[in-house]
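Here is what each chain is made of, one letter per residue.
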Amino acid sequence: MQSFEFTAVARIINGVGSALELAAQCRRLGVERPLLVTDPGLMSIGLIQPVLAALEKEGLSPLVFDQVREDPPEATVLAAAELARRGNIDGVIAVGGGSSMDVAKVVAVLLGSQQTLSELYGVDQVTGGRLPLILVPTTAGTGSEVTPVAVITTGETTKAGVSSPVLLPDVAVLDASLTLGLPASITAMTGVDAMVHAIEAYTSRHKKNPLSDNLAVKALALLSRNIRTAVHEGGNREARENMLLGACLAGQAFANAPVGAVHALAYPLGGHYHIPHGLSNSLVLPCVLEFNASHAEELYAELAEVVIGAPVAGSASAKSAALTAALRQLVDDVKLPATLQQAGVKESDLEMLASDAMLQQRLLMNNPRDVSYEDALSIYKAAYGGGA
Ligand SMILES: NC(=O)c1ccc[n+]([C@@H]2O[C@H](COP(=O)([O-])OP(=O)(O)OC[C@H]3O[C@@H](n4cnc5c(N)ncnc54)[C@H](O)[C@@H]3O)[C@@H](O)[C@H]2O)c1
Ligand SMILES: [Fe+2]
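The structure presented is a predicted model; accordingly, all values stated were derived computationally and were not measured. (Residues numbered from 1 in each chain as written. Chains lettered and ligands numbered in written order. Predicted model: local features only at pLDDT ≥ 70, side-chain atom pairs only at ≥ 80, totals over all residues. Heavy atoms only, no water.)

(A) Main features of the coordination of the iron ion (ligand 2). The iron ion (ligand 2) binds to the protein through Asp193 (OD), His197 (NE2), His263 (NE2) and His277 (NE2), with metal-donor distances spanning 2.1 to 2.2 Å. Taken in chain order, the donor set of the iron ion (ligand 2) reads D-x3-H-x65-H-x13-H. Remark: His277 occurs in helix H11 (residues 277-308) and His197 occurs in helix H7 (residues 184-202); sequence separation between them is 80 residues. Given the relative accessible area of 22%, His277 is considered partly exposed. (Donors = N, O, S within 2.8 Å, 3.2 Å for Na, K, Ca; no water. Helix = DSSP H or I, 4+ residues; strand = E, 2+ residues; numbered from the N terminus. Buried < 20%, exposed > 50% of the residue type's maximum accessible area, 1.4 Å probe, protein only.)

(B) The arrangement of the sheet that holds strand S3 (residues 63-65) in detail. One open sheet accounts for six strands, arranged S1-S9-S6-S4-S2-S3; its pairing is parallel. At either margin of the open sheet sits one strand with a lone partner, and together these are strand S1 (11-14) and S3. Across the sheet, the axes of successive neighbouring strands diverge by a mean angle of 20°, strand direction being ignored. Both strand S6 (residues 133-137) and strand S9 (residues 171-174) contribute to a ladder of two bridges, which runs parallel. Looking at the pairing, Leu135 lines up with Ala172 of S9. On top of the sheet, helix H4 (residues 74-86) reaches strand S2 (34-37) and S3; it is set at about 165° to S3, its chief contact. Together, S1, S6 and S9 form the strand contacts of helix H9 (residues 237-256), whose direction differs from that of S9 by roughly 150°. (Pairing = 2+ DSSP bridges. Axes fitted to C-alpha atoms, helices over the stretch in contact; angles between N-to-C directions. Contact = heavy atoms within 4.5 Å.)

(C) Representation of the site of ligand 1 in the model. The environment of ligand 1 is made up of 29 residues, and the closest members are Glu70, Gly98, Ser99, Thr139 and Thr147. Between ligand 1 and Thr147, the relevant distance is 2.6 Å, taken from an oxygen atom to a side-chain nitrogen or oxygen of the residue. Relative to its unbound accessible area of 870 Å², ligand 1 is 90% covered by the protein chains. Elements represented by at least two residues in the shell around ligand 1 include exactly helix H5 (98-112), strand S7 (149-153) and H7. (Near = heavy atom within 4 Å. Polar contact = N/O pair within 3.5 Å; in protein donor to acceptor, adjacent residues only side chain to side chain. Areas by Shrake-Rupley, 256 points an atom, 1.4 Å probe, with all protein chains shown as cover.)

(D) Fine view of the side chain of Asn281. On the secondary structure map, Asn281 appears in helix H11. Residue classification places Asn281 among the buried positions, given a relative accessible area of 0%. Engagement of the side chain of Asn281 in a polar contact is seen with the side chain of His263, the distance being 3.3 Å. Setting aside anything within four residues of it in sequence, one finds Asn281 in contact with Asp193, Val196, Val262, His263 and Ala266.

(E) Fine view of the packing of helix H10 (residues 261-273) against helix H13 (residues 350-357). At a minimum axis separation of 8 Å, H10 and H13 run at an interaxial angle of 120°. What the angle tells us is that H10 and H13 run oblique. Regarding H10 and H13, the two cross each other, and that crossing is right-handed. Each of Ala264, Leu265, Pro268, Leu269, His272 and Tyr273 in H10 lies in contact with H13, whose residues at this interface are Met352, Leu353, Asp356 and Ala357. Along the lines of polarity and charge, the residues of the contact of H10 with H13 split into eight nonpolar, one polar and one charged. (Parallel < 35°, antiparallel > 145°, perpendicular 65-115°, else oblique. Left-handed = near helix turned anticlockwise from the far one by under 90°. Nonpolar A, V, L, I, M, F, W, Y, C, P; charged D, E, K, R; others polar.)

(F) Seen up close, the packing of aromatic side chains. The final tally for this structure, using the stated rule, is zero aromatic pairs. Across the ring face of Tyr202, the terminal group of Lys208 is positioned such that the distance to the ring centre comes to 4.1 Å. Across the ring face of Phe291, the terminal group of Arg369 is positioned such that the distance to the ring centre comes to 3.9 Å. (Phe/Tyr/Trp six-rings, centres within 6.5 Å; stacked < 30°, edge-to-face > 60°. Lys NZ or Arg CZ within 6 Å of the ring centre and 35° of its normal.)

(G) Representation of the nonpolar core. Counting residues in hydrophobic clusters, the biggest one holds 83 residues, and the most contacted among them are Leu340 and Tyr380. The element that contributes the greatest number of residues to this core is H11, accounting for 14 residues. Dropping the residues within four chain positions of it, Tyr380 is found in contact with Leu265, Pro268, Leu269, Val284, Leu340, Leu350, Leu353, Ala354 and Ala357. The next biggest cluster of nonpolar side chains, apart from the first, holds 32 residues, and it includes Phe65, Val77, Ala84 and Ala108. (Core = buried A, V, L, I, M, F, W, Y, C linked by side-chain atoms within 4.5 Å.)

(H) Fine view of H9. Compared with an ideal rise of 1.5 Å per residue, which puts 20 residues at 28 Å, H9 spans 29 Å between its outermost C-alpha atoms and is within 8% of the ideal. Counting buried residues along H9, 15 of its 20 residues qualify, which places the element largely inside the surrounding structure. Structurally, the start of H9 carries an N-cap: the backbone nitrogen of Glu238 is 3.2 Å from a side-chain oxygen of Asn236. (Expected span 1.5 Å × (residues − 1).)

This is the structure:
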């Protein structure tokens, strides 16, 4: 067996209502005055107030930062860190999507070490510690609650990652009741993002291993069997629980077996068109799988049966094609646009997008097949639709 390494969050708590019991976790970690990081949308729909009230009822004095913007810019991180410093906080909690969790991760490091934000970017650049950290996702997508990564927007079209095991929280709390009101389109986009995490972890070129494989397969089964119900029947608790767990398992898989070309080609779409991360992934997913098939068809054949939920007849290549067809159908069923053209991408930008995708070598090296500039361009052309 090939040797491998696997890193995980020390404690995952899963259960409806568990977000109302954060005080016990704070106490365990010696936290009295946590900074609670969230976004204005979640405050305005009243999702955060019960969590705060439960902390206060147990005698804690939380301080709230509720100004997280989607795809959080550096200014958001710095503002949250400044509030935390002035407020003498002793721990950080995020209740929100990937954006809030990523801000919380970096703030916990900035408050717990002497480093500046710009010193943290890259792999293993965090040299100090961090404050106690509890992450509570409200989307079933990024898996950020169990990944050692935070993604920050650094310029108009650029993002940078902080990647360090120090960013893994002390506790990840999965409370599906927080996701019951997630709008259908966000459910669809974030759900497909999580499915892509599982698919790309399963075909990750260098670091896939028996633990990430099992997590990816279980995640993909949970996600593909529940995403339609979660989108069309948002209040279905069981579907929401399965989606949240599936996204977490997929996050744990790709935290150890990193994602590849789907994400590499998705990032420029987010950067230039502000297309949400999950939708960007969804738009290029089938065409990247078709491109990869010659190098990964045995693995795709295995995943076809997981996504379809029944044995699939035929050769590995037929099964791999069945996986792509099933994913195209799923994207249609959850009402996401299918082509770059439908998503508003300009045909004249495809070359520029392909050049940008080439900058994502950190991700492309995990892809089962090498991707050249010409390959990226032909994938974008295929994803554009309308015979571009
Ligand atoms: N750290 C990682 O490992 C990792 C991985 C992938 C992506 N990311 C990052 O995560 C971010 C995307 O995160 P996301 O997709 O979870 O979305 P998000 O946090 O950006 O939130 C998107 C929108 O959904 C709303 N929302 C969230 N939960 C809701 C709920 N329960 N009910 C109603 N509305 C709700 C928010 O208010 C917001 O308007 C990006 O910045 C991306 O780069 C991080
Ligand atoms: Fe993703």
